[in-house]
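# Coordinates in review
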Amino acid sequence: MTDRIKEQLSAFLDGELPDTESALLLKRLERDDELRGALSRYSLVGAVLRSDGDVPAARQVAARVSAAIAREPARAVGFVRLPGHDAFRRGAAGFAVAAGVALGAVLLVQQVGSQDPAAPDAVVAQAELPPVLPPAEDPEIYVTPPAPDAPAGIPPAEFANYLVAHYGYASPLVRRSVGAGLISDDETALADALPPAGTTEP
Amino acid sequence: MRAEAGDIALVRRVQKGDKAAFDALVLKYQHKVLKLVQRYVRNPAEAEDIAQEAFIKAYRALPAFRGDSAFYTWLYRIAINTAKNALVASRRRPVSYDLDLQDGSQVQAQARLADTETPEALALTDEIRRTVNEAIEALPDDLRLAIVLRELEGLSYEDIAKTMECPVGTVRSRIFRAREAIDRSLREVFDGGLGRIGDIE
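Residues numbered from 1 in each chain as written. Chains lettered and ligands numbered in written order. Predicted model: local features only at pLDDT ≥ 70, side-chain atom pairs only at ≥ 80, totals over all residues.

Here we take up helix H4 (residues 71–90) of chain B. Spanning 20 residues, H4(B) covers 29 Å between terminal C-alpha atoms, matching the ideal 28 Å at 1.5 Å per step. Along H4(B), the residues classified as buried are B:Phe71, B:Tyr72, B:Trp74, B:Leu75, B:Tyr76, B:Ala79, B:Ile80, B:Thr82, B:Ala83 and B:Ala86. (Helix = DSSP H or I, 4+ residues; strand = E, 2+ residues; numbered from the N terminus. Expected span 1.5 Å × (residues − 1). Buried ≥ 20, exposed ≤ 12 C-beta atoms within 10 Å, placed from the backbone.)

Turning our eyes to something else, we now look at the environment of A:Asp33. All names here are of chain A. Following the sequence through the fold, Asp33 ends up in helix H3 (residues 33–50). Take Asp33: there are 11 C-beta atoms within 10 Å of it, and that puts it in the exposed class. Separated by 30 residues in the primary sequence, Asp33 and Ala63 place their C-alpha atoms 10.0 Å from one another.

Moving on to the packing of helix H1 (residues 3–13) of chain A against H3(A). The packing of two helices is summarised by the inter-axis angle and the distance between the axes. All names here are of chain A. Interaxial distance between H1 and H3 falls to 10 Å at its minimum, and their mutual angle equals 45°. Between H1 and H3, the crossing angle belongs to the class labelled oblique. Our pair here, H1 against H3, has a crossing hand that is right-handed. Residues Ile5, Lys6, Leu9, Ser10 and Leu13 of H1 form the contact with H3, whose own contacting residues are Leu35, Ala38, Leu39, Tyr42 and Ser43. When its residues are assigned to classes, the contact of H1 with H3 shows seven nonpolar, two polar and one charged. (Axes fitted to C-alpha atoms, helices over the stretch in contact; angles between N-to-C directions. Parallel < 35°, antiparallel > 145°, perpendicular 65-115°, else oblique. Left-handed = near helix turned anticlockwise from the far one by under 90°. Contact = placed C-beta atoms within 7 Å. Nonpolar A, V, L, I, M, F, W, Y, C, P; charged D, E, K, R; others polar.)

For the rest of this paragraph, the subject is helix H3 (residues 44–61) of chain B. A rise of 1.5 Å per residue sets the reference length of H3(B), with its 18 residues, at 26 Å; its end C-alpha atoms lie 25 Å apart and thus fit the reference within 8%. By the burial criterion, the buried members of H3(B) are B:Pro44, B:Ala47, B:Glu48, B:Ile50, B:Ala51, B:Gln52, B:Glu53, B:Ala54, B:Phe55, B:Ile56, B:Ala58 and B:Tyr59.

Generally, phi is negative for residues other than glycine and the peptide bonds are trans, each holding for most cases. Phi is positive for B:Glu165, which is not a glycine, with a value near 55°. As for its placement among the helices and strands, B:Glu165 is situated in the loop between helix H7 (157–164) and helix H8 (168–194).

Glancing now at the confidence of the model for chain A. Residue and element names in this part refer to chain A. Looking at chain A as a whole, the pLDDT averages 64, with 36% of positions reaching at least 70. For chain A, per-element mean pLDDT is lowest for helix H6 (residues 120–126), which scores 40, and highest for H1, which scores 95. Below a pLDDT of 50 lies the segment residues 112–136, which in the model reaches 24 contacts outside its immediate sequence neighbourhood of four places, other chains included. (pLDDT = per-residue confidence, 0-100.)

Here's what the structure looks like:
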């Protein structure tokens, strides 16, 4: 067990490990007794620090509970519908359409960039991206790649035109947020893309 | 708050059928639950049985858990009820009833000794407390401050980073190194005869 995995375990205990890394760590916990022992002792340290008195070290509780749970039928635990779940599902449909529009726009930007490699927009859009590694079948650990420090890039006029032409397919919420993002990123580019004031939409 | 959010994320995984997530919750809370149960039942073996039963009850009740309270508060209520039921079943008087149901970690200890508590168990818990405290004192200042802010003050990594004026990644590393240093001392205790390391899970 490497220090890197144990550091992930420490962050996991504090609820500070990203979901993607947590999922893989949980899989590893299932089969790694040493890691389970470390998690238990890290918890014990916290319990002792926070306690006024002594804290007994549980010896067999986790192993026995794990064995008992393994014998439980799968139907013992079911998914609980959370409040607001339906509202989320309703919004998801609009979001899916908007995501499709955004994906198309990104592909368009890449296409424009490949036609003119010297174009500054294309250079910014492709800069600072982390290297893409081939996916492992069963990775031992997963580390969330850091977000690039550079801004995502300025949308070109074609991007803005595309979004404006497809606004009708997105939900009102997504339209507002995308529009606001465009304005805050590059007011000039969006002004060029939008029809002049006073004209009516087709 | 972050730790509670982490618990809720694990609970949601369990509710979707991920038993490993419940395993992680047990590993995380077994010592605290056992401490709680031992306020009622001093016999270590019996207390472990009750703690085990409490966790299994919690697992079966998890589909109904909606997250209105913190997971550990909910779990501790189950543990207290399980311990009380065990006492009724065995017609024994509990050692203490003054438990704050709103926060299991606030449980006040009363009686120190009972004839069912074994000398070995007492020696081990005393040694654990002493070892942890000594290991904390021996830590470099930056590691000690990081672990204290996390464990005692309950600050998030982001808040600790602001307090210590360093990146969040540094906080994560310091807390891990502090835990590792304390854990090394603990493993020496367990390897030294009071308990075998493999027994502590």
